[in-house]
Amino acid sequence: MEYEDPDVPPADTPIKRGGALSKKTHLTQIEAIPCKICGDKSSGVHYGVITCEGCKGFFRRSQQPTVSYSCSRQSNCQIDRASRNRCQHCRLQKCLAQGMSRDAVKFGRMSKRQRDSLIAEVEKHRQLQQQQLHQQQLQGDVQSVLSFPTKARQDRSPQLLQPMAQAYSVTGFELRQQSHDLTAIHPYNPLEESYSIYPHSLRNIDELCASIVRSHRETSQFPLGELQALRWKLFSREEIQAYQSKSVDDMWQHCAIRLTDAVQYVVEFAKHIPGFRMLSQNDQIALLKTGSMEVVLVRMCRFFNTENNTVFFDGKFAGVEVFKSLASADLITAVFDFAHDMCALKLTEQQIALFSALVLINADRPCLEDRGRVQRVQRSVELGLRHILQRDNLEGLLHKLYQRMAVLRSLCSLHMEKLRWFSQRYPLTAHSLFPPLYKELFASEAELLPGTTH
Ligand code: HC3
């Protein structure tokens, strides 16, 4: 059932100039970035986020004390220009997840730093659009590379090879403009062994670290500041009961979708790690299959509040009780304990970035074709991590981080054990309602692909 959105001006209404912003130029520039909620043409910064007039008005109305929304589906409705009026609950969740807040300052009263970072985002968006145009020209000659791997390899991981924006309707995904196929920019071609393991620009360790940290920042889903600002947003008793009254298969499907969202950002992170794209497609996929869940769990410490043991999930902070209907209390407890222990290390964003890259690029993973090549990239990432730990006088941390890597492997084994139990208990949900990327990542051990036997 669609509700009328009274704030959408008639299509031909000219957007008022200078409405939400002090300078017309800024308004024009910011309008180049689509609405972070629905993807429609934005009209400025509203409640702290670049949105269109419709989402601005919707959020204003949603903040009235008498207003309360609920979702008649699984609280994971797609919110885009066409569907935004279908579910007020999910639209509001997306507004909150993107950081909209009544307390946000208006653009005109933002601090210079806030305004500068916003204008920098506009500039980045403009450059990405130019890059995208350039890539489209390149795309033609890349297609020939995609035919290089044997047919079997392409069948094996159709999702991971897809350009992210095409394979998944990830609305508002910042990196959509940057996302490209695993082989898009630096196609691996074993016939040209002359490729150095790194492009010429990355000759020293500082640049390698800076490149990995930048990739982490651009794919970490939420800046730490936004997560800090939302720490007070806890689920109400009614909302917790709504999660707990979901059926086991509904909650698993809901969480699998949320987890897959997180994994997509990790895939983008991996693609931007210098050296990763120099690996063969088979090895890139093998590392992502075994490492992406581990990196998600490392990243969880950014989303975790140790004061009340809650994790940012679906736009608010959730305790273990929210996941009760997964019927996997041992997994959830272990995951929360891990996040708590990771928080205790008080890692900086740079340390999280380098540690995540090391978790991912691991030459001991199974099914690697060119272990030596992976080892070379792994060693450079290890050097990078040592480099920043020495710079921070925290060499002792490295040993603890290696211990955490062993815990990550046991957590993922437990996750696969639970998934095997679930897919045998609810085969229909596991086979036809989980996101394709989720099945592809965890399929090999949990027999989630069509045609596998039970
Ligand atoms: C809670 C969660 C693990 C943590 C995931 C986090 C918080 C991790 C950091 C990401 O950047 C953001 C994020 C998104 C989703 C969160 C996951 C949702 C479900 C999962 C639980 C451990 C349940 C496991 C999911 C299952 C069993 C369906 O595969």
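Since we're looking at a predicted model, the values are computed, not measured. (Residues numbered from 1 in each chain as written. Predicted model: local features only at pLDDT ≥ 70, side-chain atom pairs only at ≥ 80, totals over all residues. Heavy atoms only, no water.)

Q: Account for the overall build of the protein, naming residues and giving values.
A: Tallying secondary structure elements over the protein gives 18 helices and five strands in all. By residue count, 52% of the 454 residues in the protein fall in the buried class. Counting contacts in the protein only where the partners sit at least 6 residues apart, residues at least 24 apart contribute 73% of the total. Surface summary for the protein: the accessible area is close to 21,300 Å², and the carbon and sulfur share equals 53%. (Helix = DSSP H or I, 4+ residues; strand = E, 2+ residues; numbered from the N terminus. Buried < 20%, exposed > 50% of the residue type's maximum accessible area, 1.4 Å probe, protein only. Contact = heavy atoms within 4.5 Å. Areas by Shrake-Rupley, 256 points an atom, 1.4 Å probe, with all protein chains shown as cover.)

Q: Residue-level account of the pattern of salt bridges, with values.
A: Counted by the stated rule, this structure contains twelve salt bridges. The residue K56 makes a salt bridge to E53 at a minimum N-O spacing of 3.2 Å. Separated by three residues within a single helix, K56 and E53 lie in helix 2 (residues 53–62), roughly one turn from each other. Between R373 and D370 there is a salt bridge whose closest N-O contact spans 3.5 Å. Several salt bridges share partner residues, and in doing so they unite D40, R81 and R84 into one network. (Salt bridge = Lys/Arg side-chain N within 4 Å of Asp/Glu carboxyl O.)

Q: Kindly report on the environment of L419, identifying the contributing residues and their values.
A: Along the polypeptide, L419 turns up in helix 16 (residues 397–425). Placed 91 residues apart in sequence, L419 and S328 show a C-alpha to C-alpha distance of 9.7 Å.

Q: Break down the site of the ligand for me, citing the residues and quoting the values.
A: Taken together, 19 residues lie around the ligand, and Q221, F303, V311, H415 and Y438 are the ones closest in. The separation between an oxygen atom of the ligand and a polar side-chain atom of H415 is 2.6 Å. At 2.7 Å, a side-chain N or O of Y438 approaches an oxygen atom of the ligand. Computed on the free molecule, the ligand has an accessible area of 610 Å², of which 97% lies beneath the protein chains in the complex. When residues of the shell around the ligand are traced back to their parent elements, those giving at least two are helix 11 (248–271), strand 4 (310–313) and helix 13 (329–344). No other element matches the six residues that helix 11 contributes to the shell around the ligand. (Near = heavy atom within 4 Å. Polar contact = N/O pair within 3.5 Å; in protein donor to acceptor, adjacent residues only side chain to side chain.)

Q: Provide a residue-level description of the packing of aromatic side chains, including the pertinent values.
A: What describes a pair of aromatic rings is the distance from one ring centre to the other and the angle between the planes of the rings. Within this structure, the stated rule accounts for 18 aromatic pairs. Ring geometry for Y243 and F313: centres 6.0 Å apart, planes at 50°, overall tilted. Of the two residues, Y243 sits in helix 10 (residues 237–244) while F313 sits in strand 4, which places them 70 residues apart along the sequence. The interplanar angle of 80° and the centroid separation of 5.6 Å between the aromatic rings of F304 and F336 together place this pair among those described as edge-to-face. Remark: F336 occurs in helix 13 and F304 occurs in strand 3 (residues 304–305); sequence separation between them is 32 residues. Each member of the pair F304 and F336 is classed as buried. Over the aromatic face of F269 sits the side chain of R299, whose NZ or CZ is 5.4 Å from the ring centroid. (Phe/Tyr/Trp six-rings, centres within 6.5 Å; stacked < 30°, edge-to-face > 60°. Lys NZ or Arg CZ within 6 Å of the ring centre and 35° of its normal.)

Q: So what about the confidence of the model for the protein? Which residues, and what values?
A: Mean pLDDT for the protein: 78, with 68% of residues reaching 70 or above. The low-confidence segment residues 137–155 (pLDDT under 50) makes 17 contacts with residues lying over four places distant or belonging to another chain. pLDDT under 50 marks residues 163–196. Its contacts with residues more than four places away, or in other chains, come to 82 contacts. (pLDDT = per-residue confidence, 0-100.)

Q: Help me get a handle on the nonpolar core, residues and values and all.
A: Among the nonpolar cores identified, the biggest contains 90 residues, and I212, L297, V322 and F323 are the most heavily contacted of them. Core analysis: the next-biggest nonpolar cluster, separate from the first, contains 18 residues, V49, F58, I79 and M100 among them. (Core = buried A, V, L, I, M, F, W, Y, C linked by side-chain atoms within 4.5 Å.)

Q: Any details on unusual backbone geometry? Residues and values, ideally.
A: Non-glycine residue K346 carries a positive phi angle of around 50°. Relative to the assigned elements, K346 resides in the loop between helix 13 and helix 14 (349–360). A relative accessible area of 70% means that K346 is categorised as exposed. In the Ramachandran plot, N393 falls in the positive-phi region, its phi being about 55° despite a non-glycine side chain. Here N393 shows up in the loop between helix 15 (371–391) and helix 16. With a relative accessible area of 62%, N393 lands in the exposed category.

Q: Explain the sheet that holds strand 3 residue by residue, including any values.
A: Spatial strand order, 3-4-5: three strands in an open sheet with antiparallel pairing. Taken across any chain shown, the strands that pair with only one partner, and hence form the sheet edges, are strand 3 and strand 5 (316–318). Pairing analysis gives two bridges linking strand 3 to strand 4, with the strands arranged antiparallel. Note on strand 4: the bridge partner recorded for F304 is V311. (Pairing = 2+ DSSP bridges.)

Q: Would you mind going over the pairing of strand 4 in detail, with residue names and values included?
A: Residues T310 and F312 point to one face of strand 4 and V311 and F313 to the other, with burial holding for every one of them. Between strand 3 and the antiparallel strand that follows it, strand 4, lie four residues; N309 among them carries a positive phi value of about 50°. Bridge count for strand 4 against strand 5 is three bridges, and the pairing is antiparallel. Following the sheet pairing, F313 is matched in strand 5 by K316.

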